[in-house]
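# A structural walkthrough
So the chains spell out like this:
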Amino acid sequence: MILTLRCPRTSSGILRADDVRILIDTHIFFWHLTDDPLLPEPIEAAILNPDNAVYLSVVAIWEAVVNHYSGKLPLPDRPEIFLPTKRDEAGILPLPLDEGAMPYLAGLPLLHRDPFDRVMVAQALQHDLTIATVDPLVKAYHVPTLA
């Protein structure tokens, strides 16, 4: 299966050369939702820019579900309902996980032991996305980042 990523946030659905395709890390998603002052202004501006395609990986939803049901992440509703709803309300696009990310994942050095972050790095490489994160271990990979 080949996954084609489009940007419905622009009027044409086509990104210009100076537009950015962004994959937001899980913590960035929560900071954006809660207007957390920890969210760096350049990342917030990039997320809010309607010319940018902004994605949240299903892996981030998976991570949040695991953390919620283990008691580490309190949420006002079941995460499998709350998180996709909030993602959609924020105009953030879903990014599914497919087998095409696995060669990228297998080729990553063990800089980061968090499996969720490693898969998101692989997805960014697979789809030529820039990762919005403040995690120094994610930034250590050979993948474009915003921060």
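Residues numbered from 1 in each chain as written. Predicted model: local features only at pLDDT ≥ 70, side-chain atom pairs only at ≥ 80, totals over all residues. Heavy atoms only, no water.

### Some details on the overall build of the chain
Where we set the bar: Runs of E in the DSSP output that reach at least two residues are strands. Runs of H or I that reach at least four are helices, and both are numbered from the N terminus. Any residue under 20% of the maximum accessible area for its type is buried, any over 50% is exposed, and the rest in between are partly exposed; the area is computed with a 1.4 Å probe on protein chains only. By definition in these notes, contact holds between two residues if any of their heavy atoms fall within 4.5 Å. With residues, only the protein chains shown are counted as cover, and all accessible areas are computed by Shrake-Rupley using a 1.4 Å probe.
Counting its secondary structure elements, the chain contains 7 helices and 5 strands. Going residue by residue from the N terminus, the α and β elements of the chain occur as β-α-α-β-α-α-β-α-α-β-α-β. Relative to its full complement of 147 residues, the chain shows a buried share of 45%. Nonlocal contacts in the chain, meaning residues at least 24 apart in sequence, comprise 63% of its contacts between residues at least 6 apart. Of the roughly 7,800 Å² of accessible surface on the chain, 60% is carried by carbon and sulfur atoms.

### With respect to the packing of helix 3 (residues 58-69) against helix 4 (residues 79-89)
For the record, the criterion: Each axis is a line fitted through C-alpha atoms, and for a helix only the stretch in contact is used; angles between axes span 0 to 180 degrees, taken between their N-to-C directions. Each angle receives one of four descriptions, namely roughly parallel if under 35 degrees, roughly antiparallel if over 145, roughly perpendicular if within 65 to 115, and oblique otherwise. Crossing handedness is defined as follows: a turn of the near helix away from the far one that is anticlockwise and smaller than a right angle gives a left-handed crossing, while the clockwise case is right-handed. Note that Gly is not counted as nonpolar here; it falls among the polar residues with everything else outside the nonpolar set of Ala, Val, Leu, Ile, Met, Phe, Trp, Tyr, Cys and Pro and the charged set of Asp, Glu, Lys and Arg.
Packing of helix 3 against helix 4 brings their axes to within 10 Å, and their N-to-C directions diverge by 140°. The angle between the axes of helix 3 and helix 4 places the two elements in the oblique class. In this structure, the crossing between helix 3 and helix 4 has a hand that is right-handed. Residue-level contacts link I61, A64, V65, H68 and Y69 of helix 3 to P79, E80, L83 and P84 of helix 4. Among the residues making up the contact of helix 3 with helix 4, the classes are represented as 7 nonpolar, 1 polar and 1 charged.

### Overview of the sheet that holds strand 1 (residues 21-24)
How we decide: Think of it this way: DSSP has to see at least two bridges between two strands before they count as a pair.
The strand order across the open sheet formed by 5 strands is 3-2-1-4-5, and the pairing between neighbours is parallel. Either end of the sheet is taken by a strand with one partner, and the two such strands are strand 3 (93-95) and strand 5 (145-146). Relative to strand 4 (residues 130-132), strand 1 runs parallel, the two sharing 3 bridges. Counted as the bridge partner of I22 is T130 from strand 4.

### What about the pattern of salt bridges?
Note the following rule: The working definition used for a salt bridge is a side-chain nitrogen of Lys or Arg within 4 Å of a carboxyl oxygen of Asp or Glu.
Following the criterion strictly, the structure yields 3 salt bridges and no others. Put simply, K86 and E89 hold a salt bridge, and the shortest N to O gap is 3.3 Å. One end of the pair is K86 and the other is E89, both in helix 4 and 3 residues apart, which spans about a single turn. Look at E89 and you get exposed, because its relative accessible area is 56%.

### Some points on the nonpolar core
One recurring pattern in soluble globular proteins: nonpolar side chains tend to sit buried together. Quick note on the threshold: What we call a nonpolar core is a set of buried Ala, Val, Leu, Ile, Met, Phe, Trp, Tyr and Cys residues that are connected through their side-chain atoms within 4.5 Å.
Core analysis: the largest hydrophobic core is formed by 38 residues, its most contacted members being L23, I24, I28, Y55, L56, L83 and V121. In terms of residue count, the dominant contributor to this core is helix 6 (residues 115-127) (5 residues). With near-sequence residues (within four places) excluded, I24 lies in contact with F29, I47, V54, Y55, L56, I92, M120 and A132.

Bear in mind that shape data such as this cannot, by itself, settle questions of function.
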